[in-house]
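# What the coordinates show
One letter stands for each residue in the lines below.
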Amino acid sequence: MKVIRQARIKEIIEKRPVETQEDLAEELRQIGIEVTQATVSRDIKELMLIKIPAGNGSYRYALPPEENIAFSQSRMERVFLDAVVAIDYSLNLIVMKTMPGTAQAVAYTIDTAVKWPEIIGTIAGDDTICVIVKPPEIAPEIMTRFKKLLG
């Protein structure tokens, strides 16, 4: 549950400004995730969220700079569009077929840029990547996120 909750926190703060822990807890409750303020506080620390100016003297939560600077969303999309040919899954394994010689670059992008807590890691060959996901029931959602990167 923690992995899913933290993934939702990242999605929430990327989509809309969240100023307080209480606001974040309420956002989570609205999507069916019951949390306490203490749990949200721990998640914020573990995700290393920071507060950035949101205008009008207010602040909002954001991902740490290293996640935002190293790989932009457009760069990830470009890597996926240039290299990924097909995606499928079975249980907790997502298999990506890529253009020959590009699997390791895509796997590196997944490992360093995507940083979805549900992804344990990747194994890459020349034209195939195995993405290991935990818990298994989240694999279809992760596959859908990857497909969105393909446009």
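Now for a quick tour of the structure. Everything numeric here is computed off the predicted structure, so don't read it as measured data.

Analysis parameters
Residues numbered from 1 in each chain as written. Predicted model: local features only at pLDDT ≥ 70, side-chain atom pairs only at ≥ 80, totals over all residues. Heavy atoms only, no water. Phe/Tyr/Trp six-rings, centres within 6.5 Å; stacked < 30°, edge-to-face > 60°. Helix = DSSP H or I, 4+ residues; strand = E, 2+ residues; numbered from the N terminus. Buried < 20%, exposed > 50% of the residue type's maximum accessible area, 1.4 Å probe, protein only. Lys NZ or Arg CZ within 6 Å of the ring centre and 35° of its normal. Pairing = 2+ DSSP bridges. Axes fitted to C-alpha atoms, helices over the stretch in contact; angles between N-to-C directions. Core = buried A, V, L, I, M, F, W, Y, C linked by side-chain atoms within 4.5 Å. Salt bridge = Lys/Arg side-chain N within 4 Å of Asp/Glu carboxyl O. Parallel < 35°, antiparallel > 145°, perpendicular 65-115°, else oblique. Contact = heavy atoms within 4.5 Å.

Using the criterion set out here, one finds two aromatic pairs in the structure. Judged by centre distance (5.6 Å) and plane angle (25 degrees), the rings of Phe80 and Phe146 are stacked. Separated by 66 residues along the polypeptide, Phe80 in helix H5 (residues 73-83) and Phe146 in helix H7 (residues 139-149) bring together distant segments of the chain. For the pair shown, Phe80 and Phe146 are each scored as buried. Put simply, the rings of Phe80, Trp116 and Phe146 pair up and form one aromatic cluster. Over the ring of Tyr61 we find Lys51; its NZ or CZ atom is 4.7 Å from the centre of that ring.

Pairing is antiparallel in the open sheet, where four strands are placed in the order E3-E4-E6-E5. Strands at the two margins of the open sheet, each flanked by one partner only, are strand E3 (84-90) and strand E5 (119-124). Going from strand to strand, the sheet's axes swing by 20 degrees on average, the running direction of each strand aside. Alignment of strand E4 (residues 93-98) against strand E6 (residues 128-133), held across five bridges, turns out to be antiparallel.

Ranked by size, the top nonpolar core spans 23 residues in total, and within it Met96 and Phe146 carry the most contacts. Those elements that provide at least two residues to this core are H5, E3, E4, helix H6 (103-114), E6 and H7. The next biggest cluster of nonpolar side chains, apart from the first, holds 15 residues, and it includes Leu24, Ile33, Val35 and Ile44.

For Ala105, the position within the fold is in helix H6. Spatially, the C-alpha atom of Ala105 lies 11 Å from that of Thr128, the residues being 23 residues apart in sequence.

A full pass over the atoms with the stated rule returns ten salt bridges. Residue Arg8 is joined to Glu141 by a salt bridge in which the shortest nitrogen-to-oxygen separation is 2.7 Å. Of this pair, Arg8 sits in helix H1 (residues 2-15) while Glu141 sits in helix H7, and the two are 133 residues apart along the sequence. Taking relative accessible area as the criterion, Arg8 reaches 14% and is therefore assigned buried. Using a relative accessible area of 25% as the deciding quantity, one classes Glu141 as partly exposed.

Lys134 connects to Pro135 through a cis peptide bond whose omega is 0 degrees. Relative to the elements of secondary structure, Pro135 occurs in the loop between E6 and H7. With phi around 55 degrees, Met48 is a residue other than glycine that occupies positive phi space. For Met48, a relative accessible area of 52% translates into the label exposed. In this structure, Leu91 is a non-glycine residue whose phi angle is positive, near 50 degrees. Structurally, Leu91 can be placed in the loop between E3 and E4.

Once that is clear, we can look at the packing of helix H2 (residues 21-30) against helix H3 (residues 37-46). Two numbers describe how H2 lies on H3: the axes approach to 9 Å, and their chain directions differ by 105 degrees. Regarding the angle of H2 to H3, the classification is roughly perpendicular. Where H2 abuts H3, its residues Gln21, Glu22, Leu24, Ala25 and Leu28 lie against Gln37, Val40, Ser41 and Ile44.

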